[in-house]
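# Breakdown of the fold
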Amino acid sequence: GKLQAEKLLLVGLGPRAEIDLPIAARAARVAADAAAKLGATQIALAPPLELFPPERAAGLAEILLPPFTRFLADVPDGRPCRLVVAGLSSDRVLAD
């Protein structure tokens, strides 16, 4: 189907076999910085939870979210902001 977003930001993580938590954290910071530069106010984040064992996937969510929640906290008042994270226990809206 047609993508509803005006802009799409895709951040690569490198070779699948080399992805670890520090690489995922660095990618989250890069994505949050790029979203801020693009003037984004709504973000849908789909972390690669399937690449990590279930007990590490929760840790992945914990390191990915802070850059985005800080970014959304800096959105000027009056502008809509929304962060949706797919793939956790259920898709969650973390800021609205």
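Let me begin by describing the structure that accompanies this report.

### Some words on the overall build of the chain
Each helix and strand counted, the chain has two helices and three strands in total. For the chain, the residues scored as buried account for 31% of the 96 residues in total. The long-range fraction of contacts in the chain, counting pairs at least 24 apart against all pairs at least 6 apart in sequence, stands at 57%. When the accessible surface of the chain is split by element, carbon and sulfur atoms take 54% of a total near 6500 Å².

### Some thoughts on the environment of Ala17
Following the sequence through the fold, Ala17 ends up in the segment before α1 (21–38). A residue is classified by how much of its surface remains accessible, and Ala17, at 80% relative accessible area, is exposed.

### Examining the nonpolar core
For soluble globular proteins, nonpolar side chains are generally found buried alongside one another. By size, the foremost hydrophobic cluster in this structure holds 21 residues, and its most contacted members are Ile43, Leu45, Leu60, Leu64, Phe68 and Leu83. Where this core is concerned, the elements lending two or more residues are α1, β1 (42–45), α2 (54–73) and β2 (82–85). Sort the elements by how many residues they give to this core and α2 lands first, with seven residues. With sequence-adjacent residues up to four places away left out, Leu60 is seen in contact with Leu21, Ala24, Pro47, Pro48, Leu49 and Phe52.

### A word on α2
Under the 1.5 Å per step criterion, the end-to-end length of α2 is 29 Å for 20 residues, consistent within 8% with the ideal 28 Å. Along α2, the largest kink reaches about 30° and is centred on Leu65; proline Pro66 follows within four residues of it.

### Here's the deal with the layout of surface pockets
Counted as a void, the largest pocket has a volume near 980 Å³. Ranked by residues supplied to the lining of the largest pocket, first place goes to α1 with six residues.

Scoring rules and cut-offs
- In this convention, every chain numbers its residues from 1, walking through the sequence in written order.
- Selection of residues for local features in this predicted model requires a pLDDT of at least 70, selection of side-chain atom pairs for listing and counting requires 80 or more, and totals for whole chains, interfaces and linings are taken over all residues.
- Side-chain figures throughout are based on the complete set of non-hydrogen atoms in the structure, without hydrogens or water.
- Here a strand is any run of E in DSSP of at least two residues, a helix any run of H or I of at least four, and the numbering for each starts at the N terminus.
- Throughout, exposure labels follow a simple rule: accessible area from a 1.4 Å probe, protein chains only, divided by the maximum for the residue type, with under 20% read as buried, over 50% as exposed, and the rest as partly exposed.
- When checking whether two residues touch, look at their non-hydrogen atoms; a contact exists if any pair is within 4.5 Å.
- Accessible areas in this description were obtained via Shrake-Rupley with a 1.4 Å probe; residue shielding takes into account the shown protein chains only.
- By convention a nonpolar core is built from buried Ala, Val, Leu, Ile, Met, Phe, Trp, Tyr and Cys residues, the set being connected through side-chain atoms within 4.5 Å.
- Expected helix span is taken as 1.5 Å per residue step, with the number of steps being one fewer than the number of residues.
- Throughout, the bend at a residue refers to the angle made by two axes, fitted to the seven residues ending there and to the seven starting there.
- The distinction between a cavity and a pocket rests on a 1 Å grid over the protein atoms alone: a 1.4 Å probe fits inside a cavity but cannot get out, while a pocket stays open yet meets protein on both sides within 12 Å along at least five of seven lines, and a residue with an atom within 4 Å of a point counts as lining.
- Grid points are joined across faces, edges and corners, and a volume is the space filled by probe spheres set on the points.

Read these as layout, nothing more, since geometry by itself doesn't imply function.
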